[in-house]
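Survey of secondary and tertiary structure
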Amino acid sequence: MGWNYRKRIKIAPGIHLNLSKGGVSTSIGPKGAKVTFGKNGTYLNKGIPGTGLYSREKLSGRNSSSNSGCAMVLLAIFLLMGVAFAVN
């Protein structure tokens, strides 16, 4: 069993820089709905805060679906609205 490393740095409300043994990624969005951009692609992480229930969907990158472009635009709008509410 090897050692792993993971560190999460808060850049601004709703924006985090994630450092790990596997590389660097960025997470954007409020609790319960985040988009993560990393070397393995872009993921949508949805969940119910405090319950442990969540879903993770690959939006782009290796082996992703071809119709994710529209989903990315809608998701970006949704997340920007969520970050605006988190700041206020």
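Notes on the structure in this doc start here.

About the cut-offs
- Numbers given to residues run from 1 along each chain, matching the order in which its sequence is written.
- For this predicted model, a pLDDT threshold of at least 70 governs which residues receive local features, and a threshold of 80 or more governs which side-chain atom pairs are given and counted, while totals over whole chains, interfaces and linings are taken from all residues.
- Side-chain calculation: all heavy atoms of the structure are included, whereas hydrogens and water are not.
- Strands were regarded as paired on the criterion that DSSP finds at least two bridges between them.
- Secondary structure counts use DSSP, requiring at least four H or I residues in a row for a helix and at least two E residues in a row for a strand, with both numbered from the N terminus.
- Orientation is described by lines fitted to C-alpha atoms, with helices fitted over the stretch in contact, and by angles between N-to-C directions that extend from 0 to 180 degrees.
- Points on a 1 Å grid over protein atoms alone make up a cavity when a 1.4 Å probe fits among them but cannot get out, and a pocket when they form an open set with protein on both sides within 12 Å along at least five of seven lines; lining residues each have an atom within 4 Å of a point.
- Grid points are joined across faces, edges and corners, and a volume is the space filled by probe spheres set on the points.
- Throughout this entry, Asp, Glu, Lys and Arg are counted as charged residues, while Ala, Val, Leu, Ile, Met, Phe, Trp, Tyr, Cys and Pro are counted as nonpolar. The remaining residues, Gly among them, count as polar.
- Here, a salt bridge means any Lys or Arg side-chain nitrogen found within 4 Å of an Asp or Glu carboxyl oxygen.
- Partly exposed residues are those whose accessible area sits between 20% and 50% of the maximum for their type, while under 20% is buried and over 50% is exposed, using a 1.4 Å probe and protein chains only.

Now for the sheet that holds strand E3 (residues 23-28). Across the sheet, 6 strands lie side by side as E1-E2-E3-E4-E5-E6; this open sheet has antiparallel pairing. The sheet is open, and its two edges are formed by strand E1 (6-12) and strand E6 (53-60), each paired on a single side. The sheet shows a mean angle of 25° between the axes of neighbouring strands, taken without regard to direction. Of the pairings in the sheet, the one linking strand E4 (residues 33-38) to strand E5 (residues 41-48) comprises 6 bridges and is antiparallel in character. Looking at E5, one finds that Val 35 is bridged to Leu 44.

Turning to the layout of surface pockets, a few remarks are in order. In this structure, the largest pocket occupies an estimated 820 Å³ of space. Lining of the largest pocket is provided by 34 residues; of these, Asn 18, Ser 27, Thr 36, Asn 45 and Arg 56 occupy positions nearest its centre. Mapped by element, the contributors of at least two residues to the lining of the largest pocket are E1, strand E2 (15-20), E3, E4, E5 and E6. Looking at which element gives the most residues to the lining of the largest pocket, the answer is E5, with 6 residues. Residue composition of the lining of the largest pocket, grouped by class: 9 nonpolar, 17 polar and 8 charged.

Our focus in this paragraph is the pattern of salt bridges. Opposite charge on two side chains allows them to pair when their charged atoms are near. For the coordinates displayed, the defined rule picks out 1 salt bridge. Between Lys 46 and Glu 57 there is a salt bridge whose closest N-O contact spans 3.4 Å. Of the two residues, Lys 46 sits in strand E5 while Glu 57 sits in strand E6, which places them 11 residues apart along the sequence. Classification of Glu 57 as partly exposed rests on a relative accessible area of 37%.

Now for the pairing of E5. Where E4 folds back on E5, the antiparallel hairpin that results is connected by 2 residues. Alignment of E5 against E6, held across 7 bridges, turns out to be antiparallel. Directly across from Asn 45, in E6, lies its bridge partner Arg 56. In sequence, E5 turns back onto E6 through a hairpin of 4 residues, with Gly 50 there showing a positive phi of about 85°.

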